[in-house]
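# Structural overview
The lines below spell out each chain.
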Amino acid sequence: MQIITADKQGRTDSIYHSLNGRIESKYPIVLVSWVEDFIFNDSLLGIKDYVLLCMCEYGYDFEIKDTHIWGNNSYEIPRYYKGDWAVFDKWVKDNPPKLLLKRELLKKDVSDKVKPLEYPTIVSELPLHSEEEFNNRPVNVFQYWGRSSEERLRIHGEIWLHAYKKGFQPCDNIYYISRYFQEEQGERWITLWIPHWARVEANELMNINQLSKLSLSWKGSGFKCFRTGEAPTSSIMVMHKNDYAWSYSWDETNCILVEQGKEIQGIEEALKRTDLYEVYVNGVANSKNYYLNTYIKNYLEPLINNT
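Let me begin by describing the structure that accompanies this report. (Residues numbered from 1 in each chain as written. Predicted model: local features only at pLDDT ≥ 70, side-chain atom pairs only at ≥ 80, totals over all residues. Heavy atoms only, no water.)

## A word on the overall build of the chain
For the record, the criterion: Numbering goes from the N terminus for both helices and strands, where a helix is a DSSP run of H or I of at least four residues and a strand is a run of E of at least two. The quantity called the radius of gyration is restricted to C-alpha atoms. Its globule counterpart is 2.2 Å times the number of residues to the power 0.38. Only protein chains enter the calculation, and the probe is 1.4 Å; a residue is then buried if its accessible area is under 20% of its type maximum, exposed if over 50%, and partly exposed in between. Working definition of accessibility: Shrake-Rupley area with a 1.4 Å probe, residue cover restricted to the visible protein chains. Note on charges: Lys and Arg go in the positive column, Asp and Glu in the negative column, and His and the chain ends are not counted at all. Every charge is mapped to an atom, namely NZ of Lys, CZ of Arg, CG of Asp or CD of Glu.
The number of helices and strands found in the chain is nine helices and ten strands. Against the compact-globule benchmark of 19 Å for 307 residues, the chain has a radius of gyration of 20 Å, which places it among compact chains. Principal-axis analysis of the C-alpha atoms places the extent of the chain at approximately 65 × 35 × 35 Å. Looking at the chain as a whole, 54% of its 307 residues are labelled buried. As displayed, the chain has an accessible area near 14,400 Å², and 48% of this comes from carbon and sulfur atoms. The positive charge centre, built from 36 side chains, and the negative charge centre, built from 43, are 3 Å apart in the chain.

## Some thoughts on the pattern of salt bridges
To keep things clear, this is the line we draw: Salt bridges are defined by distance alone: a side-chain nitrogen of Lys or Arg within 4 Å of a carboxyl oxygen of Asp or Glu.
Applying the stated criterion to the full structure yields 21 salt bridges. Taken together, the salt bridges that share partners define one network made up of Glu151, Arg154, Glu158 and Glu263.

## Considering the side chain of Ser25
Our working rule: Polar contact is the term for a pair of N or O atoms within 3.5 Å; when the atoms are in protein, one must be able to donate a hydrogen and the other to accept it, and sequence-neighboring residues count only if both atoms are side-chain atoms. By definition in these notes, contact holds between two residues if any of their heavy atoms fall within 4.5 Å.
Positionally, Ser25 belongs in the loop between helix H1 (15-19) and strand E2 (29-32). What makes Ser25 buried here is its relative accessible area of 13%. Polar side-chain contacts of Ser25 include one of 2.7 Å to the backbone oxygen of Tyr27. Setting aside anything within four residues of it in sequence, one finds Ser25 in contact with Met1, Ile304 and Asn305.

## Regarding the environment of Leu44
Following the sequence through the fold, Leu44 ends up in the loop between E2 and strand E3 (51-54). Its relative accessible area of 0% is what places Leu44 among the buried residues. Considered as a pair, Leu44 and Ile174 are 130 residues apart in the sequence and their alpha carbons are 45 Å apart. Leu44 has contacts with Ile4, Ala6, Val30, Phe88 and Trp91, leaving out every residue within four places of it along the chain.

## Looking at the sheet that holds strand E1 (residues 3-5)
Counted only if it meets this: Note on pairing: two strands pair once DSSP finds at least 2 bridges between them. Note on definitions: angles span 0 to 180 degrees between N-to-C directions of axes, and those axes are lines fitted to C-alpha atoms, for helices only across the stretch in contact.
Ordered by their spatial adjacency, five strands build an open sheet running E1-E2-E3-E4-E5, and the pairing between neighbours is parallel. Either end of the sheet is taken by a strand with one partner, and the two such strands are E1 and strand E5 (114-116). The average undirected angle you get between the axes of adjacent strands in this sheet is 25°. Bridge analysis of E2 against E3 gives four bridges, and the strand direction is parallel. Residue pairing in the sheet places Ile29 in a bridge with Val51 of E3. Sheet contacts for helix H9 (residues 292-305): E2, E3, strand E4 (99-102) and E5; angle to E4, the most-contacted strand, approximately 145°.

## A look at the pairing of strand E8 (residues 212-216)
Among the five residues that make up E8, five are buried, leaving the element largely enclosed by the rest of the structure. As defined by bridge partners, strand E6 (residues 139-145) adjoins E8 across three bridges and the pair is classed as parallel. Within E8, the residue paired with Val139 across the bridge is Ser212. Pairing between E8 and strand E9 (residues 236-240): three bridges, direction parallel. Note that in E9 the partner of Ser215 across the bridge is Met237.

## Section: the packing of helix H4 (residues 150-166) against helix H7 (residues 263-271)
Each pair of packed helices can be described by the angle between their axes along with the distance between the axes. Our working definition: Throughout this description, any angle smaller than 35 degrees is read as roughly parallel, any larger than 145 degrees as roughly antiparallel, any in the 65 to 115 degree range as roughly perpendicular, and the remainder as oblique.
Packing of H4 against H7 leaves a shortest axis separation of 10 Å and a crossing angle of 60°. By the angle between their directions, the pair H4 and H7 is classed as oblique. Together, Glu151, Arg154, Ile155, Glu158, Ile159, His162 and Lys166 of H4 and Glu263, Ile264 and Glu268 of H7 make up the contact between the two elements.

## Some remarks on the nonpolar core
Condition: Definition of nonpolar core: a set of buried residues of the types Ala, Val, Leu, Ile, Met, Phe, Trp, Tyr and Cys, connected through side-chain atoms within 4.5 Å.
Grouped together as the largest cluster of nonpolar side chains are 58 residues, with contacts concentrated most on Trp70 and Phe88. Breaking this core down by element, the ones donating at least two residues are H1, E2, E3, helix H2 (83-94), E4, E9 and H9. If one sorts the elements of this core by residue count, H9 sits on top with six residues. If we ignore the near neighbours within four places in the chain, the residues touching Phe88 are Ala6, Val32, Phe38, Phe40, Leu44, Leu52 and Trp70.

## Quick look at the sheet that holds E8
In a beta sheet, neighbouring strands are held together by backbone hydrogen bonds and run either parallel or antiparallel to one another. Pairing is parallel in the open sheet, where five strands are placed in the order E7-E6-E8-E9-E10. Edge positions in the sheet fall to strand E7 (189-193) and strand E10 (256-258), since each has one partner strand and no second. Each strand axis lies, on average, 20° off the axis of its neighbour in the sheet, ignoring direction. Summarising the sheet, E6 and E7 pair through five bridges and their orientation is parallel. Considered in E7, the bridge of Phe142 is made with Ile190.

## Topic: the packing of aromatic side chains
The line we're drawing: A pair of aromatic rings is counted whenever rings of Phe, Tyr or Trp (Trp by its six-membered ring) have centres within 6.5 Å, and the orientation is called stacked for planes under 30 degrees apart, edge-to-face for over 60 and tilted otherwise. We call a charge positioned over a ring when the NZ of a Lys or the CZ of an Arg lies within 6 Å of the ring centre and within 35 degrees of the ring normal.
Applying the stated criterion across every chain yields a total of 29 aromatic pairs. Considering the side-chain rings of Phe38 and Trp85, the 3.8 Å spacing of their centres and the 10° angle between planes classify their relative orientation as stacked. Of this pair, Phe38 sits in the loop between E2 and E3 while Trp85 is found in helix H2, placing the two residues 47 residues apart along the sequence. Each of the two residues, Phe38 as well as Trp85, counts as buried. Ring centres 5.4 Å apart and planes at 75° place the aromatic pair Trp70 and Tyr80 in the edge-to-face group. A residue pair is termed long-range when its members are at least 10 positions apart, and Trp70 in the loop between E3 and H2 and Tyr80 in the loop between E3 and H2 qualify at ten residues. Three or more aromatic residues joined by ring pairs make a cluster, and in this case those are Trp34, Phe38, Phe40, Tyr50, Tyr58, Phe62, Trp70, Tyr80, Trp85, Phe88 and Trp91. For Arg79, the ring lying beneath its charged end belongs to Trp34, and the centroid distance is 3.9 Å. Positioned over the ring face of Trp246 is Lys224, at 4.8 Å from the centre of the ring.

What follows is the structure, given as structure tokens:
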């Protein structure tokens, strides 16, 4: 089933390229995501009984108290209640979907007609390490980040301040990695700023990821991002405590959840735990649910076709 984009010019989230043409659906599929100068796709006017995939994000500094449901409460979201966005909202209100799959979905707003949606995992699968291999990993903490959220910048700075207080040397340059392992024998944390104009191939980052006990995943323009599908494939994902619904739950058994503003404290407490390997194994197992083909066949298609 081909996915129809809500924007007339076909501008959309990258999930389109992962899912388009791969889902066997008895309903038409419409994908909506944030784009500048959105233009309503008037070809939607002839569509009935469809599934809506919503990958919309709301900005790192926008607090979501109630899930944004198209046709219901868009007036609460200024960026989605003007111009052609208002046209799309009215189209949904007059023609509600059979099923809404939603990226930024709070647990309290899940229903028979509203279910969570995630970025599927498209990086290569890596072998599970033994407990001895995991315990001997040379890096304690790894993160790679772009500036879609100022929180990421803050935490990068907090890591450097923490290193100053504890007396160890972080690495913040991907081109220093090899020499970093040779020259720095103490505690190792890696925090890589990788802007959108200098991105590195994801599998290269995953090769570093599997050398670290913990892998940090912070919100960008939306809480859910690519890292939630990458970090736990070969490390223990660390993210903020949250009230979001997930296709397959991330909780205290398979990741590390820390309080916003107390990230370093939460990370240090996690590194002292004696059950880290168990959390790692559980996290890797859960991450397998999100690999592209598995996610489509075991989650998306049953949800859509049983609606």
